[in-house]
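Chain and residue survey
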Amino acid sequence: MDYESKLVLAPMVRVGTLPFRLLAAQYGADITYGEEIIDHKFLKCERRVNEYIGSTDFVEKGTDSVVFRTCHQERNRVVFQMGTSDAVRALNAAKIVCKDVAAVDINMGCPKSFSVSGGMGAALLTKPELIHDILTTLKRNLDVPVTCKIRLLKSPQGTVELARRIEKTGVSALAVHGRKVADRPRDPAKWGEIADVVAALSIPVIANGDVFEYDDFQNIKTATGASSVMVARGALWNASIFSPEGKVHWEDVKREYVRKSILWDNDVKSTKHTLKEIIMHYSCLEFPGGEGCNEVRNLGRYSATLWRGKVLSICQ
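So, a few notes on the structure that sits alongside this text. Just so you know, these numbers come straight off a predicted model, no measurement behind them. (Residues numbered from 1 in each chain as written. Predicted model: local features only at pLDDT ≥ 70, side-chain atom pairs only at ≥ 80, totals over all residues. Heavy atoms only, no water.)

What follows covers the packing of aromatic side chains. For the coordinates displayed, the defined rule picks out nine aromatic pairs. Taken together, a centroid distance of 5.8 Å and an interplanar angle of 15 degrees make the contact between phenylalanine 212 and tryptophan 237 stacked. On the criterion of sequence distance, the pair formed by phenylalanine 212 in the loop between strand E11 (205-208) and helix H8 (214-224) and tryptophan 237 in helix H9 (residues 233-237) is long-range, its members being 25 residues apart. Aromatic ring contacts, followed pair by pair, group Phe42, Phe58, Phe68 and Phe80 into a single cluster. (Phe/Tyr/Trp six-rings, centres within 6.5 Å; stacked < 30°, edge-to-face > 60°. Helix = DSSP H or I, 4+ residues; strand = E, 2+ residues; numbered from the N terminus.)

Across the sheet, which stays open at both edges, the three strands sit in the order E4-E5-E6 with antiparallel pairing between neighbours. Only two strands of the sheet have a single neighbouring strand rather than two, namely strand E4 (45-50) and strand E6 (66-70). Averaged over all adjacent pairs, the angle separating strand axes in this sheet is 20 degrees, with direction ignored. Pairing between strand E5 (residues 55-60) and E6: four bridges, direction antiparallel. Bridge pairing in E6 links valine 59 to valine 66. (Pairing = 2+ DSSP bridges. Axes fitted to C-alpha atoms, helices over the stretch in contact; angles between N-to-C directions.)

Next up on the list: unusual backbone geometry. The backbone of serine 5 shows a phi angle near 55 degrees, a positive value even though the residue is not glycine. The residue arginine 14 is not glycine, and still its phi comes out positive at about 70 degrees. Within the secondary structure layout, arginine 14 lies in the loop between strand E1 (7-9) and helix H1 (18-27).

By volume, the largest pocket is sized at about 920 Å³. Along the walls of the largest pocket sit 35 residues, with Pro11, Met12, Lys112, Arg151 and Ala232 positioned nearest its centre. If you tally residues by element for the lining of the largest pocket, the top one is H9, at four residues. Taken as a whole, the second largest pocket holds about 720 Å³ of empty space. Those elements that place two or more of their residues in the lining of the second largest pocket are H1, strand E3 (37-38), E6 and helix H11 (268-282). Top contributing element to the lining of the second largest pocket by residue count: E6, with four residues. Among the residues forming the lining of the second largest pocket, the class breakdown is 11 nonpolar, six polar and 10 charged. (1 Å grid on protein atoms, 1.4 Å probe; cavity = no way out; pocket = protein on both sides within 12 Å on 5 of 7 lines; lining within 4 Å. Points joined across faces, edges and corners; volume = space filled by probe spheres on them. Nonpolar A, V, L, I, M, F, W, Y, C, P; charged D, E, K, R; others polar.)

We now examine the pairing of E5. Among the six residues of E5, five are classified as buried, and the element is accordingly described as predominantly covered. Bridge count between E4 and E5: six bridges; the pairing is antiparallel. Counted as the bridge partner of valine 49 is threonine 56 from E5. Connecting the antiparallel pair E4 and E5 is a turn made up of four residues, with glycine 54 showing a positive phi of about 80 degrees. In this structure, the hairpin formed by E5 and E6 is closed by a connection of five residues, where glycine 62 is found at a positive phi of approximately 85 degrees. (Buried < 20%, exposed > 50% of the residue type's maximum accessible area, 1.4 Å probe, protein only.)

Let's shift gears to the packing of helix H5 (residues 128-141) against helix H6 (residues 156-167). Contact geometry of H5 with H6 gives a least axis separation of 9 Å together with a crossing angle of 25 degrees. In terms of axis orientation, H5 runs roughly parallel to H6. Crossing angle aside, the handedness with which H5 passes H6 is right-handed. Between H5 and H6, the contacting residues are Pro128, Glu129, Ile131 and Leu135 on the first element and Leu162, Arg165 and Ile166 on the second. A class-by-class count of the residues in the contact of H5 with H6 yields five nonpolar, no polar and two charged. (Parallel < 35°, antiparallel > 145°, perpendicular 65-115°, else oblique. Left-handed = near helix turned anticlockwise from the far one by under 90°. Contact = heavy atoms within 4.5 Å.)

By themselves, these figures tell us nothing about what the structure is for.
Here it is, written out as C-alpha cells:
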C-alpha cells in the first residue's frame, strides 16, 4: 500500500460498505476505508466465500448477518478499520481478515458514545501507552500495513507529541482529522494544526476535514503538506468528488449506488441510510424520491423483490 498522493475515502458508519467503496473507486478513489467494525463483534465472525455474488463475507456465526463484505476487485485498496481497546483482541480480530484487505486501521478519533464508552475511538487519545501496545502488537504480527486515524487534541503540541509516539510504533501512515473531539461538523477544520503534525513526522500523513470539491484535495495538501487527502461528507453527498473531470449529477450517482447495492446484495438499512443522506443534502425526503425511500424501509425486510423494484422505480 502506497500512501503518497492518494485520494482516500474516509471510514463512515453505515455508509462505507462494499457498494459505496466500489462506487468511490469507480470515480477515482485510490484507497477506500470500510466502516468501523468493533473487535468484539468481528471475533464472532467466520469467513465465507459467497460464490453467488462473488464476494468474501465475514458472517456472524450462527446467523446470516454479514458484518463485513469485500471482493477481489478492491483487494489492493480496501482498508479494514477496527474499533478496539485491547491489543490481543485487536490482533485476533485482524488475523481473521488481514489476508483479504490491503491494510488494517485502528480508529482513534470517533467521538460517538458507542465507541468512547467502550474505551475505543477518541477515548484512546488520552491513553498513549495503550495506543503503543495496540499498534506495536499489530505491527509485529501482521503482514499488511497498520495505520490509525486520530483527531486533534486540546493543544497543537499535544497532538504533535501523540503523533510522534504513534510514528515510533512503526505504523505505515497516520490519518489526522482536523477537528477536536468536542468540535461539531459545522466547525471549520483546523488545517494549520494538521500541518504541525506533518512537519513533525517522516511517515505519510493523510489530511482529513472540509474537503467538498475536487479542488479541495489540492487546497488541503498545499495548506498542510500532507502526503494524501481523505474525504468523508464530500464523498457521501457525491462520490464523484474523486473525479478530475468534475462531479457527475447527484441523481446519476444515486442510481449507480443503488445498482451496486443490488448487485452486491447490500444490507437494506445501510443502503437506505446512505440514500437518505444523499437525498437530504440535495433535495428533501418529502419529495417523491425521498418518500419512496421511506416506504422501502417497510418492504425490504420482508421482500427483496419488492425492495429492488421499489428502489429501481425511485431512481428511474
